[in-house]
Amino acid sequence: MSDGLILGIETSCDETGVAVVRGREVLASVLATQTEDHSRFGGVVPEVAARAHVEAIRPLAHLALAKAGVHSDQLDAVAVTRGPGLSGALMVGVAFAKALAWTLGKPLIPVDHMEGHLMAPLIEHEAYAGPAVAVLASGGHSQIVHVRSFGDYEVLGSTIDDAAGEAFDKLARFMGLGYPGGPAIDEASQNGDPDAVTFPRALSDRPFDFSFSGLKTSVVTYLEKAKAAGSLPPVEDVAASIQEAIVDVLVDKTFNAVRETGARAVAGGGGVLANRRLRERLAARADAEGVELYLPTPAYCTDNGAMIAVAAVRHLDEGGAALDIDVDPGLSLA
Amino acid sequence: MKILAIETATPASSVAIGTGTTLEAMSLQVNRRGHVGFLVPAIDFCFRQAGWAPTDVDVVAVDIGPGPFTGIRAGISTAQAIAAAIGAPLVTVGSLTALALRAATGRRRIWPVVDVRRGQVATCPYRPVPGGVVRDGMPEVVTPEEFAALVDSGGDDALVVGDWQVLPESVLRGLHRVKTGRPRYPSADVLLEIAALKAGADEFAGPEDVRPLYLREPDAQINWTDIREEGVWPGATS
Ligand SMILES: [Zn+2]
């Protein structure tokens, strides 16, 4: 992989991320998180997200270059998330990146957000390459992807209702644990018993697709009944049990795909992959099956500019996109 | 003083470059969803026509609204990136001012209108003075009926410009001593003139000024169709 110096911009959802990378080395990666802005609504509000991006983008770009010790003239390209994501949010990053690339006279490299997640493990794992199975899960997306090689993907399965992170958010909110739900349930689960309550593992007929709506219904029903009966178990036990149900589904589906594809490597990305129990369980299973596991550190699991820049390196020799490209909120891998 | 002006506050988007007294090149399109695809190619076109390089620019001017936010944010993000990359200062211009300045009027009070969707318009009264206009109030977002009441309450002869075609005909018919006129949309060549004046007066925008003029709070409704609003966990509602 070449050593191009790339500025990567990510604004597809509720994090404004800008990074400077050289090859797969991250020189700087900065983030303006909007968790506070959205927490009072219990979910990402598109208009709130777009408002925050437009204020954060320029100072963050400045900060990333300053931290990397790079002058904008030295850049080889500007990379940006083109989709999938919230259209008003994507538009801020794409407009900024296009204008920056044009002004600097550098190529503009549009990146698929999911390819960014899928390539993020490369930042810390030089050996990572296809064929591999990638499990990508966050508040906005949940997919299992067969990575034949970088650039050659097959989406094997995805959620048929809520994304995994959304399930965490909704259940955490229902339990009064706060937003965002993933970290809240992760935290509440620390001293909990994952076997305290057995919630259904919603395994759909299709081997790589998953669904979380049944789990949500069953948690709500369970809690209301238990409350009425005055027999609510400790909050940490319920949190741990919910987490275990979600983790079980993700691990099982991932390793179904490993079996199906014959891949000897598993990669992960997306905010849900920052979940400690999921990481632990993936590691144990990978170990048991003799499969390599490539997980980014939590900071590169959640949305960030570095993964966008790293995913762009591969496209550096292609000369960049035409200046009239627009956002593509519905973009999908392969 | 070489100025690049970017205007995306309405379904029209336009780019103009010039000095404030001369227009060198301009590009315009009307497409309410096309701002991001249009802007950089249009800027590139203008610079090629005029033989300018990005680094020639002394000031970047951008319309901050009011108007539909998505387009305005595309314009602001574009202006921010160019200004950052060449180290040029920014000047902000309001869409209503840009409309009022182009309104041909004798002594009528000018009421520019920008469609901000959801059945509302943004407006603000302007008074013609020799060589320009003076703002006579604060921009606000109103319903068509509220707009009619505002215009009527002035009691003066009035000229309504901008996107008045979005107002119901019944509202327009009910207005007395009022004419409607052009322009329908603000355009970047007007921004050049305003920017030249502002830059001449050192009225550059600080970081906190370069954001859309929203005039209303974001809609923040989460659709909790399948989950109850209230937590059931006793004592856990932190
Ligand atoms: Zn993501």
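For the structure itself, consult the block above.
Residues numbered from 1 in each chain as written. Chains lettered and ligands numbered in written order. Predicted model: local features only at pLDDT ≥ 70, side-chain atom pairs only at ≥ 80, totals over all residues. Heavy atoms only, no water.

Enquirer: Explain the overall build of chain B to me, please; I cannot follow it from the model alone.
Expert: Broken down by element type, chain B carries six helices and 12 strands. Projecting the C-alpha coordinates of chain B onto the three principal axes gives extents of approximately 70 × 50 × 30 Å. Burial status across chain B gives 53% buried among its 238 residues. Long-range contacts, defined here as pairs at least 24 residues apart, represent 62% of the contacts in chain B between residues at least 6 apart. Of the roughly 10,500 Å² that chain B leaves accessible, carbon and sulfur atoms contribute 48%. Side-chain charges in chain B split into 22 positive and 27 negative, and the spacing between the mean points of these groups amounts to 5 Å. (Helix = DSSP H or I, 4+ residues; strand = E, 2+ residues; numbered from the N terminus. Buried < 20%, exposed > 50% of the residue type's maximum accessible area, 1.4 Å probe, protein only. Contact = heavy atoms within 4.5 Å. Areas by Shrake-Rupley, 256 points an atom, 1.4 Å probe, with all protein chains shown as cover. Lys, Arg positive; Asp, Glu negative; His and termini not counted. Charge placed at Lys NZ, Arg CZ, Asp CG, Glu CD.)

Enquirer: What am I meant to see in the interface of chain A and chain B here?
Expert: By convention, interface size is frequently given as the accessible area that disappears when the constituent parts associate. Chain A puts 45 residues into the contact, and the matching count from chain B is 46 residues. A combined buried area of about 4,100 Å² lies between chain A and chain B, and 67% of that area is made up of carbon and sulfur atoms. Broken down residue by residue, the surface that chain A buries against chain B is led by Arg51, Arg58 and Trp102 of chain A, which jointly contribute 18%. Inspection of the region where chain A meets chain B yields six residue pairs in polar contact (both at pLDDT 80 or more). Secondary structure elements with two or more residues in the side of chain A that touches chain B: helix H2 (46-68), helix H3 (87-104), helix H5 (164-174), helix H7 (213-228) and helix H8 (235-261) of chain A. Per element, the largest residue contribution to the side of chain A that touches chain B is 12 residues, and it comes from H3 of chain A. Across the side of chain A that touches chain B, the residue classes tally to 27 nonpolar, five polar and 13 charged. (Buried area = accessible area lost by both parts, 1.4 Å probe. Polar contact = N/O pair within 3.5 Å; in protein donor to acceptor, adjacent residues only side chain to side chain. Nonpolar A, V, L, I, M, F, W, Y, C, P; charged D, E, K, R; others polar.)

Enquirer: Can you walk me through the layout of surface pockets in this structure?
Expert: Residue and element names in this part refer to chain A. Volume-wise, the largest pocket comes out at about 1,100 Å³. Around the largest pocket sit 39 residues that line it, and Val44, Ser138, Gly139, Gly140 and Asp169 are the ones nearest its centre. Broken down by secondary-structure element, the contributors of at least two residues to the lining of the largest pocket are helix H4 (113-119), H5 and helix H6 (181-188). Top element by residues in the lining of the largest pocket is H5. It accounts for five residues. The residue inventory of the lining of the largest pocket, partitioned by class, reads 15 nonpolar, 17 polar and seven charged. Taken domain by domain, the lining of the largest pocket gets at least three of its residues from each of domain 1 (5-119 + 301-318) and domain 2 (130-295). (1 Å grid on protein atoms, 1.4 Å probe; cavity = no way out; pocket = protein on both sides within 12 Å on 5 of 7 lines; lining within 4 Å. Points joined across faces, edges and corners; volume = space filled by probe spheres on them. Domains from an automatic or database assignment.)

Enquirer: Just to check I follow, could you spell out the coordination of the zinc ion for this structure?
Expert: Six octahedrally arranged donors around a metal ideally form angles of 90 or 180 degrees; four tetrahedrally arranged donors ideally form angles of 109.5 degrees. Residues and elements named next belong to chain A. Around the zinc ion, the protein contributes the donor atoms His113 (NE2), His117 (NE2), His141 (NE2) and Asp303 (OD), at 2.1 to 2.6 Å from the metal centre. Metal-centred angles of 85 to 166 degrees between the four donor atoms at the zinc ion mark the site as irregular. Counting residues between consecutive donors of the zinc ion along the chain gives the motif H-x3-H-x23-H-x161-D. Placement of His117 in helix H4 and of His141 in the loop between strand S6 (132-137) and strand S7 (142-149) is noted, with a sequence separation of 24 residues between them. Since its relative accessible area comes to 0%, His117 is described here as buried. A relative accessible area of 14% places His141 in the buried class. (Donors = N, O, S within 2.8 Å, 3.2 Å for Na, K, Ca; no water. Tetrahedral: all angles 85-135°; square planar, octahedral: opposite > 155°, others 65-115°.)

Enquirer: Looking at this model, I keep getting lost on the packing of aromatic side chains. Mind explaining?
Expert: For any pair of aromatic rings, the description consists of the separation of the ring centres together with the inter-plane angle of the planes. Using the criterion set out here, one finds eight aromatic pairs over all chains in the structure. Between Tyr128 of chain A and Phe150 of chain A, the aromatic rings sit 5.1 Å apart at their centres with planes inclined by 70 degrees, giving edge-to-face as the arrangement. With Tyr128 of chain A in the loop between H4 and S6 and Phe150 of chain A in the loop between S7 and strand S8 (152-158), the pair connects residues that are 22 residues apart, well separated along the chain. You'll find Tyr128 of chain A and Phe150 of chain A in the same group, each marked buried. Members of the aromatic cluster, each reached through a chain of ring pairs, are Trp102 of chain A together with Phe47 and Trp52 of chain B. Arg51 of chain A extends its terminal NZ or CZ atom over the ring of Tyr214 of chain B, reaching a point 3.6 Å from the ring centre. (Phe/Tyr/Trp six-rings, centres within 6.5 Å; stacked < 30°, edge-to-face > 60°. Lys NZ or Arg CZ within 6 Å of the ring centre and 35° of its normal.)

Enquirer: Whenever I open this one, the packing of H6 of chain A against H8 of chain A confuses me. Can you help?
Expert: Any two packed helices are characterised by the angle at which their axes cross and by the distance between the axes. All names here are of chain A. Two numbers describe how H6 lies on H8: the axes approach to 8 Å, and their chain directions differ by 120 degrees. It follows from the interaxial angle that H6 and H8 lie oblique. Note that H6 runs across H8; the crossing there is left-handed. Residues Ile185, Asp186 and Ala188 of H6 touch H8, and the partners they reach there are Glu236, Ala239, Ile242 and Gln243. (Axes fitted to C-alpha atoms, helices over the stretch in contact; angles between N-to-C directions. Parallel < 35°, antiparallel > 145°, perpendicular 65-115°, else oblique. Left-handed = near helix turned anticlockwise from the far one by under 90°.)

Enquirer: Can you walk me through the sheet that holds strand S4 (residues 77-83) of chain A in this structure?
Expert: Within a sheet, adjacent strands bond to each other through the backbone by hydrogen bonds, running parallel or antiparallel. All names here are of chain A. With respect to topology, five strands assemble into an open sheet ordered S3-S2-S1-S4-S5, the strand pairing being mixed. Each end of this open sheet is capped by a strand with a single partner; those strands are strand S3 (25-33) and strand S5 (108-112). The average angle at which neighbouring strand axes cross in this sheet is 20 degrees, direction not considered. Helix-sheet contacts for H2 involve strand S1 (5-10), strand S2 (15-22) and S3, and the interaxial angle to S2 is about 25 degrees. Helix H11 (residues 305-313) rests against S1, S2, S3, S4 and S5 of the sheet, and its axis sits at about 130 degrees to S1. (Pairing = 2+ DSSP bridges.)

Note that all results are geometric; they support no functional claim without further evidence.
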